[in-house]
Amino acid sequence: MKYNTRPQAILLLADGTIFYGKSIGISGTTFGEVCFNTGMTGYQEIFTDPSYFGQIMVTTNPHIGNYGVNAEEIESDQIMISGLVCKNFSFTHSRPNSESNLYDYFEKQNLVCISDVDTRALVSYIREHGAQNAVISTDGSSIDELKTQLANIPDMKGLELASKVSTKEAYFFGNENATYKIAALDLGIKRNILRNLANRDCYIKVFPFNASIEEIRSFDADGYFLSNGPGDPEPLTQVQDLAKKLFEANKPMFGICLGHQIIALANGVSTYKMFNGHRGINHPVMNVISGKGEITSQNHGFAVNREELEQHDDLEITHYHINDNTVAGMRMKSKNCFSVQYHPEASPGPHDSSYLFDIFIQNIANSKN
């Protein structure tokens, strides 16, 4: 499609603010909570990350699509974002191992995208006014019509989305003859988490978000894993109850992102929706145990209440975010359980925190001796 022939498109925010741009050629209207990611690379992993389900993604890198797509660089089997907002959309790509261009990838899954937007102004606006629902329209719908439709979209606060992305049936990942067996609860699990566990001699059975304690116990796992995922953790009461039952077994447990929040809620510590979440691959975290800083990949719009956690008898903070002092990691004193708010499986991204998988495996090895 020629640059000058692309139709006009708009991004309308819930507060009535409008940003103008151009359609990349896929006509339609899409809704979601608008958010931004500051990563300079890894757009395909971002687009396929289940934690972004229900969100319109604004990319701060001005060039999107320039290195194409590759089937190995996915975190799930489909695009998970609701729509994309970018500055420059590249219809051509130049990378030896790319398999196709981003436009064809979007077209196959009918993802609506608006480009030629002043993303610097948009990100500044979101940072100042907070996360909110938005709509992208490339099909010529009127602003009044879009405002009416947008008013009926539920807020992310109170929205349960894990059920939308979790597997429907349990499945296995890795070598069945591996040394360790892991039962992983899929709340929106990323493919690279499974790769990290499998690379550490683990055989993983991935369970649906609503699996029963009996189903999980029947696998006779050496350790439990609670995954990342989208939406508000508070409505996931069944998962919180399951976590309490898993605590009783006192087998090694590890939680990431939404799984981290579930562990907090299961211990009576509340979570809250952040004014703006953390989304990028350069977030600084302090490891309280080692005294070392880490650069991390993060993607979350909810956080654990730090004040409540600090007053809890059985929980302690292990990591905190250096920029805003929010809880980035914790562990239980009485159980073999720890969790982090960020993503040690970052790919691409910093590998500063990949040691957390090693700690989990070492906990399992120690518990078996």
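What counts, and where the lines are drawn
- Residues numbered from 1 in each chain as written.
- Predicted model: local features only at pLDDT ≥ 70, side-chain atom pairs only at ≥ 80, totals over all residues.
- Heavy atoms only, no water.
- Helix = DSSP H or I, 4+ residues; strand = E, 2+ residues; numbered from the N terminus.
- Buried < 20%, exposed > 50% of the residue type's maximum accessible area, 1.4 Å probe, protein only.
- Contact = heavy atoms within 4.5 Å.
- Axes fitted to C-alpha atoms, helices over the stretch in contact; angles between N-to-C directions.
- Parallel < 35°, antiparallel > 145°, perpendicular 65-115°, else oblique.
- Left-handed = near helix turned anticlockwise from the far one by under 90°.
- Nonpolar A, V, L, I, M, F, W, Y, C, P; charged D, E, K, R; others polar.
- Phe/Tyr/Trp six-rings, centres within 6.5 Å; stacked < 30°, edge-to-face > 60°.
- Lys NZ or Arg CZ within 6 Å of the ring centre and 35° of its normal.
- Pairing = 2+ DSSP bridges.
- Disulfide = S-S within 2.5 Å.

Engineer: Let's hear about the side chain of Ser163: which residues, and what values?
Structural biologist: Mapped onto the elements of the fold, Ser163 is located in helix α5 (residues 162–165). Owing to a relative accessible area of 16%, Ser163 belongs among the buried residues under this scheme. What Ser163 contacts, discounting residues up to four positions off in sequence, is Lys168 and Phe209.

Engineer: Tell me what's going on with the packing of helix α6 (residues 191–198) against helix α11 (residues 355–368), and back it up with residues and numbers.
Structural biologist: Running from amino to carboxyl end, α6 crosses α11 at an angle of 50°, the nearest separation of the two axes being 10 Å. For the element pair α6 / α11, the angle class is oblique. In this structure, α6 crosses over α11, and the sense of that crossing is right-handed. Of the residues in α11, those touching α6 at Ile193, Asn196 and Leu197 are Phe357, Phe360 and Ile361. Partitioned by chemical class, the residues of the contact of α6 with α11 number five nonpolar, one polar and no charged.

Engineer: Tell me about α6, residues and numbers included.
Structural biologist: The complete set of buried residues in α6 reads Asn192, Ile193, Leu194, Asn196 and Leu197. Along its buried surface, α6 packs onto β10 (171–173), β11 (180–185), β12 (202–207), β13 (223–226), β14 (253–256) and α11.

Engineer: Account for the packing of aromatic side chains, with residues named and values stated.
Structural biologist: Scanning all chains against the criterion turns up 15 aromatic pairs. Residues Phe225 and Phe254 carry aromatic rings whose centres are separated by 5.7 Å and whose planes lie at 75° to one another, so their mutual orientation is edge-to-face. Remark: Phe254 occurs in strand β14 and Phe225 occurs in strand β13; sequence separation between them is 29 residues. Per residue, the accessibility class of Phe225 equals that of Phe254, and both read buried. Considering the side-chain rings of Phe254 and Phe357, the 5.8 Å spacing of their centres and the 80° angle between planes classify their relative orientation as edge-to-face. Taken as a pair, Phe254 in strand β14 and Phe357 in helix α11 lie far apart in primary sequence, 103 residues in all. Note on Phe357: relative accessible area 0%, which makes it buried. Against the face of Phe219 rests Lys181, its NZ or CZ located 4.5 Å from the ring centre. The side chain of Arg306 reaches across the aromatic face of Tyr320, ending 5.4 Å from its centre.

Engineer: Lay out the sheet that holds strand β3 (residues 29–37) in plain terms, naming residues and giving numbers.
Structural biologist: An order of β1-β2-β8-β6-β4-β3-β9 is seen for the seven strands of this closed barrel, with the pairing classed as mixed. Strand-to-strand twist across the sheet, computed as the mean angle between neighbouring axes with direction ignored, equals 35°. Relative to strand β9 (residues 132–137), β3 runs antiparallel, the two being bridged by six bridges. Note on β9: the bridge partner recorded for Phe31 is Val135. Sitting on the sheet, helix α3 (residues 119–129) touches β1 (8–13), β2 (18–23), β3, β4 (55–59), β6 (83–85) and β9, and the angle it makes with β4 is about 125°.

Engineer: Provide a residue-level description of the pairing of β1, including the pertinent values.
Structural biologist: Burial runs high along β1: five of the six residues are buried. Taking the residues between adjacent antiparallel strands as the criterion, β1 and β2 are bridged by four residues, where Gly16 takes a positive phi near 95°.

Engineer: Before we move on, can you summarise the pairing of strand β19 (residues 337–340) with the specific residues and values?
Structural biologist: Side-chain alternation along β19 places Cys337 and Ser339 on one buried face and Phe338 and Val340 on a second face that is also buried. With four bridges joining them, β14 and β19 adopt parallel strand pairing. Within β19, the residue paired with Ile256 across the bridge is Val340. As paired strands, strand β18 (residues 327–332) and β19 are joined by three bridges and run antiparallel to one another. The residue bridging Met330 from the neighbouring strand is Ser339, located in β19.

Engineer: Can you lay out the sheet that holds β19 for me, pointing to particular residues and giving the numbers?
Structural biologist: Here we have 10 strands laid out as an open sheet, ordered β10-β12-β11-β13-β14-β19-β18-β17-β15-β16, and mixed in their pairing. Strand pairing shows two members of the sheet lacking a second neighbour, β10 and β16 (293–304), which therefore form its edges. Across the sheet, the mean angle from the axis of one strand to that of its neighbour is 25°, orientation sign disregarded. With three bridges joining them, strand β15 (residues 271–287) and strand β17 (residues 315–321) adopt antiparallel strand pairing. Residue Val285 lies in a different strand from β17, and its bridge partner there is His321. In this fold helix α8 (residues 237–249) packs onto β11, β13, β14, β18 and β19, with an angle of close to 155° to the strand it touches most, β13. Against the sheet, helix α9 (residues 258–266) makes contact with β13, β14, β15, β16, β18 and β19, and its axis sits at roughly 120° relative to β14, the strand it touches most.

Engineer: Give a detailed account of the packing of α8 against α9, specifying residues and quantitative values.
Structural biologist: Between α8 and α9, the shortest axis-to-axis distance is 9 Å and the interhelical angle comes to 75°. Classified by the interaxial angle, the pair formed by α8 and α9 is roughly perpendicular. Residues Val239, Gln240, Ala243, Lys244 and Phe247 of α8 pack against Ile262, Ile263, Leu265 and Ala266 of α9. Partitioned by chemical class, the residues of the contact of α8 with α9 number seven nonpolar, one polar and one charged.

Engineer: Residues and numbers for the state of the cysteines, please.
Structural biologist: On inspection of all chains with the given rule, the structure shows zero disulfides. There is no disulfide at Cys113, and the cysteine sulfur nearest it, in Cys86, is 4.1 Å away. Of the residues examined, Cys113 reaches a relative accessible area of 0% and is grouped as buried. Summary of cysteine pairing: Cys202 is not part of a disulfide, and the nearest cysteine sulfur, belonging to Cys337, is at 16 Å.

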